[in-house]
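Listed here are the chains, written in short residue letters.
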Amino acid sequence: MRSEFLPFTRPDVTDGDIAEVIGVLKSGWLTNGPKNAAFEEKMCEYTGCKNAVALSSATAGIHILLTALGIGPGDEVITPSLTWVSTANMIVLAGAKPVFAEIDRDTMLVTPESVEACITERTKLIVPVHYTGVPVDLDGIRAVADKHRIPVVEDAAHALGTFYKGRHIGTGNTALYSFHAIKNITCGEGGMLTTNDDSLLAKIKMLKFHGLGVDAFDRQNKGRSPQAEVFEPGYKCNLTDICAALGFSQLLRINQINARRTALARRYRELFADIEGVEPLHDPAGYDFTHSWHLFVIRVTSDKISRDAFMTRLKELNIGTGMHFRAIHLQKYYREKMGFKPGDLPATEWNSDRICSLPLFPAMTTADVEAVVTAIKHVLAHA
Ligand SMILES: Cc1ncc(COP(=O)(O)O)c(C=O)c1O
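Residues numbered from 1 in each chain as written. Predicted model: local features only at pLDDT ≥ 70, side-chain atom pairs only at ≥ 80, totals over all residues. Heavy atoms only, no water.

1. Quick word on the site of the ligand
Here comes step 1: Neighbouring the ligand are 15 residues, the closest being Thr-59, Asp-155, His-158, Ser-178 and Lys-183.
Here comes step 2: When isolated, the ligand has an accessible area of 390 Å², and the protein chains bury 92% of it.
Here comes step 3: Looking at the shell around the ligand residue by residue, the classes come out as 5 nonpolar, 8 polar and 2 charged. (Near = heavy atom within 4 Å. Areas by Shrake-Rupley, 256 points an atom, 1.4 Å probe, with all protein chains shown as cover. Nonpolar A, V, L, I, M, F, W, Y, C, P; charged D, E, K, R; others polar.)

Below is the structure:
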């Protein structure tokens, strides 16, 4: 057993990151200002998308995006059930209905076919998730969306550094990134919306800051124009420069961070090749991609131990794990108020009962990966 606890994740914060944040604290401008602008520009440069807006979280992003698209009562939004609850919650809070697309059992990604099966005349938006950092079949999903004239917003919370057919994901649509503390790069909390759509950009910028026609910081005015007025009541979802400085500094290292995550994930894959009782995710076939390795997810398939007991046993052996995610459609509110029930989404439910995310963060060593797999073998052998 390890002498020290190995957490499931740990943010990669360098002295350079800390110096950037201190620089903002000393600058006299703490809320969104020049560091937001620099972070947004760097995101455009890195992803190849035309516009980017920094936000307080990806959840705030989906919230104001639904408002910007005028989605409300009577409308439906398609997304998977195995995602973070915020997407479905925001859809419900907007007065609309989440419609959960089934995932492929092996890749845990929604497919063009599963998305198309959910489309009705009330569908107003499709939000596929690049789960764990693997892209969905974007061309296939876009073809379905275009046929029915429905916009696509990619949930790229896991996918900074994910490329699909040679281009960064998100470049053909609107995408939402998360910089929550466990993400590949972090601001503590934060998010970014990228889009090529200039009119959507203008609405998001307005809605993120009270519905004023300006930002908190106006470069020409060297502050905020005091005459700014409300165009439409909006929200307060701007990112502070304290957070943006951390995100900006980390974004400069994204390739290095993802390369380290990839090396660790490859070692996991090699070690799992001949172990029965757990099954890593499979890669999707039919398109080229690079994986940003936000998560390393296995499914506990052994009939001798449940996933929950497996996680408890690993914790007793000083190894932390996570669960991404518990199917939304079977959670209390969605069962009781929205009528979803077991059996609605068999592949989603099969995975929801078995998934477990293993430790994966840049400061881990190959020996740490080997220790996790040794502990898993021990747990399975003594189940
Ligand atoms: C797939 C997915 N979508 C959306 C979110 C929401 O991101 P945030 O925490 O920045 O609001 C998360 C966060 O964990 C996520 O994993």
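2. Details of the state of the cysteines
Here comes step 1: If you walk through the whole model with that rule in mind, you get 0 disulfides.
Here comes step 2: Free of any disulfide, Cys-44 has its nearest neighbouring cysteine sulfur in Cys-49, separated by 6.5 Å. (Disulfide = S-S within 2.5 Å.)

3. Section: the domain arrangement of the chain
Here comes step 1: As far as domains go, the chain holds domain 1 (15-253) and domain 2 (255-381).
Here comes step 2: When each unit is reduced to the centre of its C-alpha atoms, the spacing between domain 1 and domain 2 is 25 Å.
Here comes step 3: A combined buried area of about 3,600 Å² lies between domain 1 and domain 2, and 60% of that area is made up of carbon and sulfur atoms.
Here comes step 4: When the buried area of domain 1 at its contact with domain 2 is split by residue, Arg-105, Asn-184 and Arg-253 rank highest and sum to 19% of it.
Here comes step 5: Inspection of the domain 1/domain 2 interface yields 1 salt bridge.
Here comes step 6: Of the charged contacts, one joins Arg-105 and Glu-279 as a salt bridge, the two residues approaching to 3.7 Å between their closest N and O atoms.
Here comes step 7: Run the count over domain 1 and domain 2 and you get 27 residue pairs in polar contact (both at pLDDT 80 or more). (Domains from an automatic or database assignment. Buried area = accessible area lost by both parts, 1.4 Å probe. Salt bridge = Lys/Arg side-chain N within 4 Å of Asp/Glu carboxyl O. Polar contact = N/O pair within 3.5 Å; in protein donor to acceptor, adjacent residues only side chain to side chain.)

4. A word on helix H2 (residues 34-47)
For an α-helix, the turn length of 3.6 residues means that residues three or four places apart are oriented alike.
Here comes step 1: In this model, H2 (14 residues) spans 20 Å end to end at C-alpha, consistent with the 20 Å of a helix rising 1.5 Å per residue.
Here comes step 2: For H2, the full list of buried residues reads Asn-36, Ala-37, Phe-39, Glu-40, Met-43, Cys-44, Tyr-46 and Thr-47.
Here comes step 3: Positive phi appears at Gly-48, one or two residues downstream of H2, with a value of about 85°. (Helix = DSSP H or I, 4+ residues; strand = E, 2+ residues; numbered from the N terminus. Expected span 1.5 Å × (residues − 1). Buried < 20%, exposed > 50% of the residue type's maximum accessible area, 1.4 Å probe, protein only.)

5. Side note on the sheet that holds strand S8 (residues 174-178)
Here comes step 1: As summarised here, the arrangement of the 4 strands in space is S1-S9-S8-S5, forming an open sheet in which the pairing is mixed. Each having just a single partner strand, strand S1 (51-55) and strand S5 (153-155) make up the two edges of the open sheet. Ignoring strand direction, the axes of neighbouring strands in this sheet form an average angle of 20°.
Here comes step 2: Sheet topology note: the S5/S8 ladder contains 3 bridges and is parallel. Bridging across to S8, Glu-154 finds its partner in Ala-175.
Here comes step 3: Strand contacts of helix H7 (residues 198-207): S1, S8 and strand S9 (191-195), with the helix running at about 20° to S1, the strand carrying the most contacts. (Pairing = 2+ DSSP bridges. Axes fitted to C-alpha atoms, helices over the stretch in contact; angles between N-to-C directions. Contact = heavy atoms within 4.5 Å.)

6. A word on the packing of aromatic side chains
Here comes step 1: If you walk through the whole model with that rule in mind, you get 13 aromatic pairs.
Here comes step 2: With a centroid separation of 5.3 Å and 75° between ring planes, the pair formed by Tyr-333 and Tyr-334 is classed as edge-to-face.
Here comes step 3: For Tyr-334, a relative accessible area of 4% corresponds to the buried category.
Here comes step 4: One aromatic cluster is present, built from ring pairs that chain together Phe-100, Tyr-333, Tyr-334 and Phe-340.
Here comes step 5: Positioned above the aromatic ring of Trp-350, the side-chain terminus of Arg-105 is 3.8 Å from the ring centre. (Phe/Tyr/Trp six-rings, centres within 6.5 Å; stacked < 30°, edge-to-face > 60°. Lys NZ or Arg CZ within 6 Å of the ring centre and 35° of its normal.)

7. Details of helix H13 (residues 366-381)
Here comes step 1: If you check H13, its first and last C-alpha atoms are 23 Å apart, about what 16 residues at 1.5 Å a residue would give, namely 22 Å.
Here comes step 2: Regarding H13, the residues found buried are Asp-368, Val-369, Val-372, Val-373, Ala-375, Ile-376, Val-379 and Leu-380. For H13, the angular spread of the buried residues around the axis is 155°, confining them to a single face. Facing away from the buried surface of H13 by more than 90 degrees, the exposed residues are Thr-374 and Ala-381.
Here comes step 3: Elements that come into contact with the buried residues of H13 comprise helix H9 (254-272), strand S10 (278-280), strand S12 (296-300), helix H10 (307-316) and strand S13 (355-358). (Arc of directions from axis to C-beta.)

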